[in-house]
Amino acid sequence: MPDFARGPFPSTRMRRHRAHAWSRRMVEETSLAVSDLIWPLFVLDQQDSESVPSLPGVSRLGTKDILKAVEYACELEIPAIAIFPVTDPSLKTEDAQEATNPDNLVCRTVRNIKQHFGDQIGVICDVALDPYSSHGQDGLVRDGVILNDETISVLCQQAIIQADSGCDIIAPSDMMDGRIGEIRDALDEQGHEEVQIMSYAAKYASGFYGPFRDAVGSAGNLGKGDKKTYQQCPSQTDEALHEVALDLLEGADSVMVKPGMPYLDVLQRVKETFRVPTFVYQVSGEYAMLSAAAENGWLDRRATVLESLLAFKRAGADGVLTYFAAEAAAWLKE
Ligand code: PBG
């Protein structure tokens, strides 16, 4: 007990601060703002949008609706969006060559967004092969093994064409060893020194990515496969710090912990250890859980969504990738 305290109850009453809305606000340690939100968007190579059954309220956006969504994000002052392409199954191959096609869906979409909105909003692109590979893995595969070094050269190409298209932040989500440094060098050689790298540094082999894989159509490709030889085992936290340290040494501008709510301990350790811009991904399974419970009337959607987002801030996040971004931003602006 600090010596300035008069002593416990009845002198000390913890409820005094809680008694009024103004006073709860006055002592607030952590707060949530629109500037904390990053909105992941799925894009389709057709006019019309499609809904995603396992992500109620989230759509694969067609060519018309993507610009509307970005316009809405700009209106809400969401700082950045993350674009995920739904690749036509006929374009998926063993070597994921569509990933390096400068005219692929994600590149065309980024060019279109940048043409219309310029620097009003930041655009983030994932670097990984899973949207493009017939096996649904993030890397190249030989004899059932995910190849590390061979994959990196494809990832570098993928990063370059996305940066060429106007992408502001390259976000490698593949978890290959050493890719951040090589991608940084590749970007710099092409004159993209200004393009940021947000590393999915502590990304776990999680069951919570299911609805995302439905959304981008990679669930069927992956089948019974898993990503445990490259994504981290959920038992590890020291290893997350090691991953983050390496990615920072290799030149990452910011790092990410993923998934979010089951890994708040990891998020807190990363932020406290490195004090660098640290993001967290409230992944598709987390969205699905909250939405399903709210749809059933079991949880209050607004209360639980805002509480979950605030919890990320309290644990140390500088920003949150969340499918609730637009909805939460609209609530925060009321
Ligand atoms: C691709 C990627 C995944 C997510 C983001 N980028 C899926 C995966 O690694 O299998 C998951 C996002 C989510 O679940 O919302 N490498």
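Up top you'll find the structure we're talking about.
Predicted model only: the values in this text are computed from it and were never measured. (Residues numbered from 1 in each chain as written. Predicted model: local features only at pLDDT ≥ 70, side-chain atom pairs only at ≥ 80, totals over all residues. Heavy atoms only, no water.)

## Here we look at the site of the ligand
The test is simple: The nearness test applies per residue and asks whether one of its heavy atoms lies within 4 Å of the molecule or strand. By the criterion applied in these results, polar contacts are pairs of N or O atoms within 3.5 Å in which, for protein atoms, one can donate a hydrogen and the other can accept it, and in which residues neighboring in sequence qualify only through two side-chain atoms. Residue exposure ignores everything except the shown protein chains as possible cover, and the areas themselves are Shrake-Rupley values with a 1.4 Å probe.
Taken together, 18 residues are adjacent to the ligand, and Lys203, Arg213, Lys258, Ser284 and Tyr323 come closest. Within the side chain of Asp130, an N or O atom sits 3.3 Å from a nitrogen atom of the ligand. A distance of 3.0 Å is found between an oxygen atom of the ligand and a side-chain nitrogen or oxygen belonging to Gln231. Burial of the ligand by the protein amounts to 100% of the accessible area it has alone, namely 400 Å².

## Details of the packing of helix H8 (residues 238–249) against helix H9 (residues 264–274)
Put simply, the rule is: The axes are straight lines fitted to the C-alpha atoms, using for helices just the contacting stretch, and the angles between their N-to-C directions are given from 0 to 180°. Each helix is a run of H or I in the DSSP string that is no shorter than four residues. Each strand is a run of E no shorter than two, and both are numbered from the N terminus. Here roughly perpendicular refers to angles of 65 to 115 degrees, roughly parallel to angles under 35, roughly antiparallel to angles over 145, and oblique to all remaining angles. Whether a crossing is left-handed or right-handed is set by the direction in which the near helix is turned from the far one by less than a right angle, anticlockwise for left-handed and clockwise for right-handed. In this analysis, two residues are considered to be in contact whenever any of their non-hydrogen atoms come within 4.5 Å of each other.
It is the contact of H8 with H9, at a shortest axis distance of 10 Å, that shows an interaxial angle of 45°. Here H8 is positioned oblique relative to H9, judged by the angle of their axes. Remark: the crossing between H8 and H9 carries right-handed chirality. Facing H8, whose interface residues are Asp238, Ala240, Leu241, Val244, Ala245 and Leu248, H9 presents Val266, Arg269, Val270, Thr273 and Phe274.

## Comments concerning the side chain of Gln158
Mapped onto the elements, Gln158 comes out in helix H4 (residues 148–164). In contact with Gln158, not counting residues within four places along its chain, are Ala99, Thr100, Asp126, Val127, Ala128, Leu129 and Tyr132.

## Considering unusual backbone geometry
Here the bond from Phe9 into Pro10 is cis, since omega is 10°, no more than 30 degrees from zero. Looking at the secondary structure, you find Pro10 in the segment before helix H1 (21–26). In this model, Lys258 is joined to Pro259 through a cis peptide bond whose omega is -5°. Turning to its location among the elements, Pro259 is positioned in the loop between strand S10 (254–258) and H9.

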